[in-house]
Number of protein chains: 2
Amino acid sequence: MGTLVFDRWWFRAFVAVAMFFACQLCFMISRLQNLDEEKITLQAEVQTLERKRDTLLMDLANKERDILRLDRKEQQLEVLVRDRLSLASTTRKDDPMIYFVTPTAFRPAQKADLTRLSYTLSHVPNLHWIVIEDSDVTSKSISEILQSWYLPRGVAQRNAALAWLRTQLSDLKRGAVYFGDDDNTYDLKLFDEIRSVKVAGIWPVGIVGGLIVEKPILSENGTVEGFNAIWKPDRPFPIDMAAFAVNISVVTSHRGAAFSYDVARGYQESHFLTGLGLTRSDLEPKADNCTKVYVWHTRTEQSKLSKDDWRRLTAKDREQFDDVEAHCLGL
Amino acid sequence: MGTLVFDRWWFRAFVAVAMFFACQLCFMISRLQNLDEEKITLQAEVQTLERKRDTLLMDLANKERDILRLDRKEQQLEVLVRDRLSLASTTRKDDPMIYFVTPTAFRPAQKADLTRLSYTLSHVPNLHWIVIEDSDVTSKSISEILQSWYLPRGVAQRNAALAWLRTQLSDLKRGAVYFGDDDNTYDLKLFDEIRSVKVAGIWPVGIVGGLIVEKPILSENGTVEGFNAIWKPDRPFPIDMAAFAVNISVVTSHRGAAFSYDVARGYQESHFLTGLGLTRSDLEPKADNCTKVYVWHTRTEQSKLSKDDWRRLTAKDREQFDDVEAHCLGL
């Protein structure tokens, strides 16, 4: 019977069909498994991506918050800057330095004048303020030597500043030196003029030398051909200390140029500028061809005080003043 | 034969197996199709997510660039602010305003003094600067009426400021009024003292009234019990104009209080303060219990000029000055 069945045609057909279906099924199952795996992989991928998306969205939200915060901060800062820095230009890293030399001496209004000047200078970028106070010892000995002679103001202080500049900045090529008294008045525009000086710059000064404006007279081609000074007009440079600035390298390369107790009154500027080897033709007219006044030779009035107060001020002994007076005088 | 085949058991088994496999196959195929569809959907989803991720990453990069830019900008601004606003505090939106009243009159150093003062005031937040220039017409007529009488400085200008304040700010409850001359010197710390005034504040003034410091004398419990003034010490308020500030509402609610040409010299402050209904006990001692000097009564020296210059300055005719002189004088 067994052999009979295997030999029957229908059995063979049956087996063939079964085999075909089985193969098909196996193939299907394997594809299904593959697809299932693929599906799981893809689902995992989707999950990863979704997680990633959520993280990114959170990051974005954080960053947007950051930006909002920074924007607000920037606006605040800009308001701050606009409201209170409107007078000054922005920081200029590559701009030459200004060495602003202020000789100063003790007097009732000294603290007031220096306070006021500091508020002006705090508007100026790239400015190095060199304040040289009259040392009691030095000036006392000098005044003792000279006794009742006329003692010009600020000679020792300005020379001390020159010595400092020559020691500290001997290699500097750019930058300008300006001698600015502590009670003069400076327009902020002056500092751009000082900064642009190549060798020596000159400009008008207001209310000085008995004139409303003391200024150089320019020739038609724009060079300095004279001065309008009425006081000692025969000086080589009949100008005020506030009228000029010189390049730092000119100062450091002429180590002999200085101020002196041995020159006639009004000749300090001429003595210093000729010592730097400068002539009138070296002067660069600034301040819109010397047509604008950016510095005024203002003087703070001598305080009206009692003889006893003046005696105490001359002694300059902290013990003789109460705390409020000491605060007022900067002692 | 046909019927025979269909009735055979093996044929039935054969059909049953074939049916089973066919069903299985159909099911498999349908699952496969489903899975294929799912796969395509998932792949599309993955693509969408990937695209989304790329967009988000790009967004993030942009935002990070933004943040970097803002950070850099903020740093620059902060450097700017630190370098040059170090003297002033940050903007204080809710802080009371200071109404800083400056009477001014034409003179050689007027432009210089106002320039210098503007640089100080530009450091102060929440300050409204009211500059009242002596009108030629008014003061001429007044001086004609009074002829050779002593004419106190700034009366008309200060009253004009009071009228303006009373018209413009009648409803204001917070804010302080201060009368600040154009050649006085102000420490920036003064402005915080002015701002903190509730009714009327008082503080020492440097170099005024023949004293190094003119100041109120405080009792042990910190109230004002007297003054150290040596010039006309019997005045109700023997103090300088720079020594006090009053709340704006006190000014607007006492419309009669003003300065006057009819009071004796040195009595302007007393006339105004009593007009506001104030007594010594109303004064709030400021500036660290009146132990610090934040304002100096500096005076800019009268310019030394020729008679002809003074004649031109008195005429104040723009035509009589050249362009540089006019720029110097602010004409």
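Please read these numbers as outputs of a predicted model, since none were measured by experiment. (Residues numbered from 1 in each chain as written. Chains lettered and ligands numbered in written order. Predicted model: local features only at pLDDT ≥ 70, side-chain atom pairs only at ≥ 80, totals over all residues. Heavy atoms only, no water.)

A. Representation of the overall build of chain A. For chain A, the count of helices and strands is 11 helices and 12 strands. Looking at chain A as a whole, 49% of its 331 residues qualify as buried. Partitioning the contacts of chain A with sequence separation of at least 6, the portion at a separation of at least 24 is 75%. Entry remark: accessible area of chain A is about 16,700 Å², with carbon and sulfur atoms responsible for 54%. (Helix = DSSP H or I, 4+ residues; strand = E, 2+ residues; numbered from the N terminus. Buried < 20%, exposed > 50% of the residue type's maximum accessible area, 1.4 Å probe, protein only. Contact = heavy atoms within 4.5 Å. Areas by Shrake-Rupley, 256 points an atom, 1.4 Å probe, with all protein chains shown as cover.)

B. Geometry of the sheet that holds strand β1 (residues 98-104) of chain B. All names here are of chain B. Strand order across the open sheet formed by six strands is β2-β1-β3-β10-β5-β11, with mixed pairing between neighbours. Edge positions in the sheet fall to β2 (127-133) and β11 (283-285), since each has one partner strand and no second. Across the sheet, the axes of successive neighbouring strands diverge by a mean angle of 25°, strand direction being ignored. Alignment of strand β5 (residues 200-202) against β11, held across three bridges, turns out to be parallel. In the strand pairing of β11, Ile202 is matched with Pro285. Where helix α3 (residues 110-121) meets the sheet, its contacts fall on β1 and β2, and the angle it forms with β2 comes to roughly 170°. (Pairing = 2+ DSSP bridges. Axes fitted to C-alpha atoms, helices over the stretch in contact; angles between N-to-C directions.)

C. Highlighting the relation of the copies chain A and chain B. If you rotate chain A by 180° and push it 0.2 Å along the axis, it lands on chain B with an RMSD of 0.3 Å. Expressed as an axis order, the relation between the two copies is that of a two-fold axis. Mapped onto chain B, 100% of the interface residues of chain A are again interface residues, and the two copies thus contact each other with one and the same surface. (Least-squares fit on C-alpha atoms with pLDDT ≥ 70 in both.)

D. Looking closely at the pairing of β1(B). Residues and elements named next belong to chain B. Burial of β1 is extensive: seven of the seven residues sit out of reach of the surface. The two faces of β1 match: Ile98, Phe100, Thr102 and Thr104 on one face and Tyr99, Val101 and Pro103 on the other face are all buried. By the bridge criterion, seven bridges tie β1 to β2 in an arrangement that is parallel. Looking at the pairing, Val101 lines up with Ile130 of β2. The parallel pair β1 and β2, bridged by α3, forms a crossover whose chirality is right-handed. With four bridges joining them, β1 and strand β3 (residues 176-179) adopt parallel strand pairing. Paired with Ile98 across the bridge in β3 is Ala176. (Right-handed = clockwise from strand over helix to strand, strands pointing away.)

E. Region of the structure containing the packing of aromatic side chains. In the structure shown here, the tally under the stated rule is 23 aromatic pairs over all chains. With centroids separated by 4.6 Å and ring planes inclined at 15°, the aromatic side chains of A:Phe259 and A:Phe272 adopt a geometry described as stacked. Residue A:Phe259 is found in the loop between α7 (248-253) and α8 (268-275), and its partner A:Phe272 is found in helix α8; the two are separated by 13 residues along the sequence. The exposure class assigned to A:Phe272 is buried, which follows from its relative accessible area of 0%. An angle of 35° between the planes, with centres 6.4 Å apart, marks the rings of B:Phe244 and B:Phe272 as tilted. Here B:Phe272 lies in helix α8 (residues 268-275) and B:Phe244 lies in strand β10 (residues 244-247), a separation of 28 residues in the sequence. In this pair, the class of B:Phe244 matches that of B:Phe272, namely buried. Taken together, the ring pairs connect A:Phe100, A:Tyr178, A:Tyr186, A:Phe191 and A:Trp203 into an aromatic cluster. If you follow A:Arg158 out to its NZ or CZ, it ends over the ring of A:Phe259, 5.7 Å from the centre. (Phe/Tyr/Trp six-rings, centres within 6.5 Å; stacked < 30°, edge-to-face > 60°. Lys NZ or Arg CZ within 6 Å of the ring centre and 35° of its normal.)

F. Region of interest: the sheet that holds strand β11 (residues 283-285) of chain A. All names here are of chain A. One open sheet accounts for six strands, arranged β2-β1-β3-β10-β5-β11; its pairing is mixed. One side of each edge strand has no neighbouring strand; the edge strands of this open sheet are β2 (127-133) and β11. Averaged over neighbouring strand pairs, the angle between their axes works out to 25° when direction is ignored. The strands that helix α3 (residues 110-121) touches are β1 (98-104) and β2; relative to β2, the one it contacts most, it runs at about 170°. Each of β1, β2 and β3 (176-179) touches helix α5 (residues 155-168); the most contacted strand, β2, lies at about 135° to it.

G. Here's a closer look at unusual backbone geometry. Residue and element names in this part refer to chain A. Of note in this structure, Ile207 is not a glycine but carries a positive phi near 50°. Inspection of the secondary structure puts Ile207 in strand β6 (residues 205-208). A residue is classified by how much of its surface remains accessible, and Ile207, at 10% relative accessible area, is buried.

H. Molecular detail of the side chain of A:Asp183. Looking at the secondary structure, you find A:Asp183 in the loop between β3 and β4 (185-186). With sequence-adjacent residues up to four places away left out, A:Asp183 is seen in contact with A:Asp113, A:Thr298, A:Arg299, A:Thr300 and B:Arg116.

I. Quick peek at the pattern of salt bridges. As enumerated under the stated definition, the model contains 43 salt bridges over all chains in all. With a closest N to O distance of 3.7 Å, B:Glu64 and A:Lys63 form a salt bridge. With one member in each of two chains, B:Glu64 in helix α2 (residues 9-85) and A:Lys63 in helix α2 (residues 9-85) form a pair that bridges those chains. Here the salt bridges do not stand alone but share partners, grouping A:Arg107, A:Asp113, A:Arg116 and A:Asp182 into one network. (Salt bridge = Lys/Arg side-chain N within 4 Å of Asp/Glu carboxyl O.)

J. Examining the interface of chain A and chain B more closely. Residue-level contacts link 98 residues of chain A with 99 residues of chain B. Summing the contributions of chain A and of chain B, the shared interface buries around 9,000 Å²; its carbon and sulfur component is 74%. Where chain A packs against chain B, one counts eight salt bridges. At the junction of chain A with chain B, the criterion picks out 21 residue pairs in polar contact (both at pLDDT 80 or more). Listing elements by their share of the side of chain A that touches chain B, those giving two or more residues are α2, α3, β4, β6, β7 (211-214), α10 (307-315) and α11 (323-329) of chain A. (Buried area = accessible area lost by both parts, 1.4 Å probe. Polar contact = N/O pair within 3.5 Å; in protein donor to acceptor, adjacent residues only side chain to side chain.)

K. Representation of helix α10 (residues 307-315) of chain B within the structure. The set of residues buried in α10(B) consists of B:Asp309, B:Arg312 and B:Leu313. The buried residues of α10(B) occupy one face: seen down the axis, they fall within an arc of 100°. Residues of α10(B) that are exposed and point more than 90 degrees away from the buried face comprise B:Lys307 and B:Thr314. Residues of α10(B) that are buried sit in contact with β7 of chain A together with α11 (323-329) of chain B. (Arc of directions from axis to C-beta.)

L. View of the pairing of strand β10 (residues 244-247) of chain A. In this sheet, β10(A) lies alongside β3(A) in antiparallel orientation, the contact comprising three bridges. Residue A:Ala176 lies in a different strand from β10(A), and its bridge partner there is A:Asn247.

M. Spotlight on the UniProt feature "site: Interaction with galactose moiety of substrate glycoprotein" (unreviewed entry) in chain A. All names here are of chain A. Following the UniProt record, one finds the feature "site: Interaction with galactose moiety of substrate glycoprotein" (unreviewed entry) at Glu214. Note that Glu214 resides in strand β7. For Glu214, the contacting residues outside a window of four places in its chain are Pro204, Val205, Val208, Gly209, Asn228, Ala229, Pro238, Ile239 and Asp240. (UniProt positions renumbered as here; feature names shortened; annotations may be inferred.)

N. Broad picture of the environment of A:Asp113. Residue and element names in this part refer to chain A. Along the chain, Asp113 falls in helix α3. In this structure, the C-alpha to C-alpha distance between Asp113 and Ala326, residues 213 residues apart in sequence, is 16 Å. Of the polar contacts made by the side chain of Asp113, one reaches the side chain of Arg107; its length is 3.0 Å.

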